[in-house]
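# Residue-level structure breakdown
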Amino acid sequence: MNVVVTHGPQETEAFGGRVAKLVRPGWLLGLEGDLGAGKTAFVRGLVRALGSPARVHSPTFSLMNRYAGGRMEVVHLDLYRLTSPEDLVPAGLEEPLLRPEGVTVAEWISRARFDGLPHLRTLQFRWIDENTREISHDLPGL
Ligand code: ADP
Ligand code: MG
């Protein structure tokens, strides 16, 4: 397990930018951590570094955003409001989770309660204090 400490939102975004250099089509990144832990800031940096001009915000109500225009499409899920895993299918979330084409990033991935998601790589975000966040992950080389 690797631990990265960021001091300010720019560093959290910059870490997303470093992950952008690693991601390959078909990757599913699961982001865990409380509200305010920096999950969306990470996605913002990832999407920007992939070259998309899209504006990134948490898909808290829509459950899913798509960001095009970069090296790979990014599907951004926020499963916080998912009350039951059965809701995945009607919400159209099954495909981006099971067969991601570009890269799928899912905040609150544990809400999906899947046992074995193919290609799932989980990053754990933790609020340390106002200016500090900790990100634990097992991505190689970061
Ligand atoms: P989440 O998606 O996990 O709820 P956000 O990405 O929306 O969290 O982050 C909440 C706030 O914390 C945002 O304003 C974000 O820019 C900020 N933030 C991210 N990383 C840090 C950090 N290391 N220090 C201070 N603020 C940060
Ligand atoms: Mg968020």
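Attention in this report is confined to the structure presented alongside it. Not measured: the values here are computed from a predicted model.

Turning our eyes to something else, we now look at the site of ligand 1. Neighbouring ligand 1 are 18 residues; T12, G36, K39, T40 and A41 lie closest to it. Between ligand 1 and A41, the relevant distance is 2.8 Å, taken from an oxygen atom to a main-chain nitrogen or oxygen of the residue. Interatomic distance of 3.2 Å between a side-chain N/O atom of R133 and an oxygen atom of ligand 1. Compared with its free state, where it exposes 560 Å², ligand 1 has 76% of that area covered by protein.

Let us look at the coordination of the magnesium ion (ligand 2). Distances from the magnesium ion (ligand 2) to its protein donors, T40 (OG1), S58 (OG) and E107 (OE), fall at 2.2 to 2.4 Å. Site description for the magnesium ion (ligand 2): donor spacing in sequence, T-x17-S-x48-E. Here T40 is found in helix α2 (residues 39-49), whereas its partner E107 is found in strand β5 (residues 103-107), with 67 residues between them in sequence. The two residues T40 and E107 agree in class, both being buried.

The rules behind the values
Residues numbered from 1 in each chain as written. Chains lettered and ligands numbered in written order. Predicted model: local features only at pLDDT ≥ 70, side-chain atom pairs only at ≥ 80, totals over all residues. Heavy atoms only, no water. Near = heavy atom within 4 Å. Polar contact = N/O pair within 3.5 Å; in protein donor to acceptor, adjacent residues only side chain to side chain. Areas by Shrake-Rupley, 256 points an atom, 1.4 Å probe, with all protein chains shown as cover. Donors = N, O, S within 2.8 Å, 3.2 Å for Na, K, Ca; no water. Helix = DSSP H or I, 4+ residues; strand = E, 2+ residues; numbered from the N terminus. Buried < 20%, exposed > 50% of the residue type's maximum accessible area, 1.4 Å probe, protein only.

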